[in-house]
Amino acid sequence: MTEQPAEKLVVFPSDDIVLRCEATGNPPVTFRWTKDGRRFDPRREAGVTVVEGSGTLYVNNSQAARHQGVYRCYASNALGTAMGPEIHVVTDSTPQWPKEKVSPVEVEEGESVVLPCNPPASVVPPKIYWLNSRIVHITQDERVAMGQDGFLYFANVRSSDSHPDYICHAHYLGPRTIIQKEPLELRVRPTNSVKFRQPRLMMPPGGTSSHLALRGSSLALECIAEGFPTPTVEWVRLNGRLPAERLALENSRKTLRIRDVVEEDDGEYQCIARNTQGTARHSYTVTVEGTGGAAGRE
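Conventions used here
Residues numbered from 1 in each chain as written. Predicted model: local features only at pLDDT ≥ 70, side-chain atom pairs only at ≥ 80, totals over all residues. Heavy atoms only, no water. Helix = DSSP H or I, 4+ residues; strand = E, 2+ residues; numbered from the N terminus. Buried < 20%, exposed > 50% of the residue type's maximum accessible area, 1.4 Å probe, protein only. Contact = heavy atoms within 4.5 Å. Disulfide = S-S within 2.5 Å. Salt bridge = Lys/Arg side-chain N within 4 Å of Asp/Glu carboxyl O. Core = buried A, V, L, I, M, F, W, Y, C linked by side-chain atoms within 4.5 Å. Pairing = 2+ DSSP bridges. Axes fitted to C-alpha atoms, helices over the stretch in contact; angles between N-to-C directions.

(A) Fine view of the environment of Val-157. One can find Val-157 in the loop between β14 (152-154) and β15 (163-172). For Val-157, a relative accessible area of 2% gives the class buried. Sequence-wise, Val-157 and Gly-69 are 88 residues apart; in three dimensions their C-alpha atoms are separated by 50 Å. Setting aside residues no more than four positions away along its own chain, Val-157 makes contact with Val-107, Glu-108, Glu-109, Gly-110, Glu-111, Val-113, Arg-143 and Val-188.

(B) Molecular detail of the state of the cysteines. Applying the stated criterion to the full structure yields three disulfides. A disulfide bridge connects Cys-21 with Cys-73, and the sulfur atoms are separated by 2.0 Å. In this structure the cystine formed by Cys-21 and Cys-73 twists about its S-S bond by roughly -75 degrees; its chirality is therefore left-handed. Of the two residues, Cys-21 sits in the loop between β2 (17-19) and β3 (30-35) while Cys-73 sits in strand β7 (residues 69-77), which places them 52 residues apart along the sequence. Here the two residues Cys-21 and Cys-73 agree in accessibility, since each one is buried. Between the sulfur atoms of Cys-117 and its disulfide partner Cys-168 the distance amounts to 1.9 Å. Judged by the torsion about the S-S bond (-55 degrees), the Cys-117/Cys-168 disulfide is left-handed. Placement of Cys-117 in the loop between β11 (113-115) and β12 (127-131) and of Cys-168 in strand β15 is noted, with a sequence separation of 51 residues between them. Judged by its relative accessible area of 0%, Cys-117 is buried. Note on Cys-168: relative accessible area 0%, which makes it buried.

(C) Just the pattern of salt bridges, in detail. Under the definition given, this model contains 19 salt bridges. For Glu-245, the salt bridge is made with Arg-241, and the minimal N-O distance between the two is 3.8 Å. The class of Glu-245 is partly exposed, set by a relative accessible area of 48%. Overlapping salt bridges, with partners in common, bring together Glu-106, Glu-185, Arg-187 and Arg-189 in one network.

(D) Here's a closer look at the nonpolar core. In terms of nonpolar packing, the biggest core is built from 24 residues, with Leu-115, Cys-117, Trp-130, Leu-152, Phe-154, Tyr-166 and Leu-186 touching the most fellow members. Sorting elements by how many residues they give to this core places β15 first, with four residues. If sequence neighbours within four positions are ignored, Cys-117 has contacts with Trp-97, Ile-128, Trp-130, Gly-150, Phe-151, Cys-168 and Lys-181. One finds Cys-223, Ala-225, Trp-235 and Leu-256 within the second-largest nonpolar core, a separate group that totals 18 residues.

(E) Summary view of the sheet that holds strand β22 (residues 232-237). Taken together, the four strands give an open sheet; going across it, the order is β19-β26-β25-β22, and neighbouring strands pair in mixed fashion. Each having just a single partner strand, β19 (208-214) and β22 make up the two edges of the open sheet. When strand polarity is set aside, the average angle formed by the axes of neighbouring strands in this sheet is 25 degrees. Note: β19 against strand β26 (residues 278-289), seven bridges, orientation parallel. Paired with His-211 across the strands is Val-286, a residue of β26.

(F) Broad picture of the environment of Gly-80. By secondary structure assignment, the location of Gly-80 is in strand β8 (residues 80-83). Residues Gly-80 and Trp-97 lie 17 residues apart in sequence; the distance between their C-alpha atoms is 52 Å.

Here is the structure:
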C-alpha cells in the first residue's frame, strides 16, 4: 500500500474526517474498510464519500461525531490482500472554561507563590500563555517562570508583582480556539524585613522521581525552585556525561531537554537549586524504551 492512514486521528467540530488509503497493483486493486472489527460500507453511510479510484474516505463534519471508532483499510487483487494499520478516530468538543469565582491571592513580599491555570481537558493538550489585560506577556526569568503544567511560579515576590490581571490563555491548536481564565489578582504585602530562605523545589515535589522516555522522542526534565535570593539551577548526570550535542537548557535553565533520545540516555539526572542560603536537589531516574509501534508487532 502506498499511502496509509495515521494511527490516531482527533477530529473537532469544524473538521471533516479524511481516512487516506491508496494502493496500486496489477491486476487492479479493490478496497474495503472495517470499523470496530465489522465490515464498513461507506456507500451506505450518510455524509461519507469515497474518492474514485482509491480507498480514501471523506466524512462531512456534520456527521463526524457519529463516526468515532477504529478503522482499517484492506486493498485486494487476485494476488493477495494488503492490510493497513488500525486508525482510531476520536472526536473532541470545543473546550470552554467554566465560570468560576476567583479570589485575590495575597502573599508577603519575598515569599513564593503559584498562580494556577488548569485549562479544560482536551485530547490534544493546549499551549499555555500568561498575559495581562493589555495582551502583554508576563515577563519570565529566573525568578518568575511558567512550568510544564501551565502554572506560573514565583520563586519570591516583589511589591512590583502586585497586579489585578494575571490571565492564563489556553490555545487549542486542533479546534483553532483560544480561551482565557478569569483574571487572577496578586496582592503583595510590603515588608521591611524580607526573610532569606534556602531553596526548596516547588516542581517536582519530593527528592526523587521516575521518567519514561521513548527512543527517538524528546525528553524534558524540569526543576522549579523557590527561595530568597532567587535560586539558580544547574543539571548533572550521575552515571555519565550529558549529551551536549543533543541538549538544550530552557526556561532560565529550569528545563533540561534532550532531543532524539537513545538507549544510552538511560540513567540518573539531578538538578541542583542553589542560593546563598543553601541547596536543594531532585533526582530523576530516566528509563528509555523503544517505540514498539504496530509495525514492530506484525
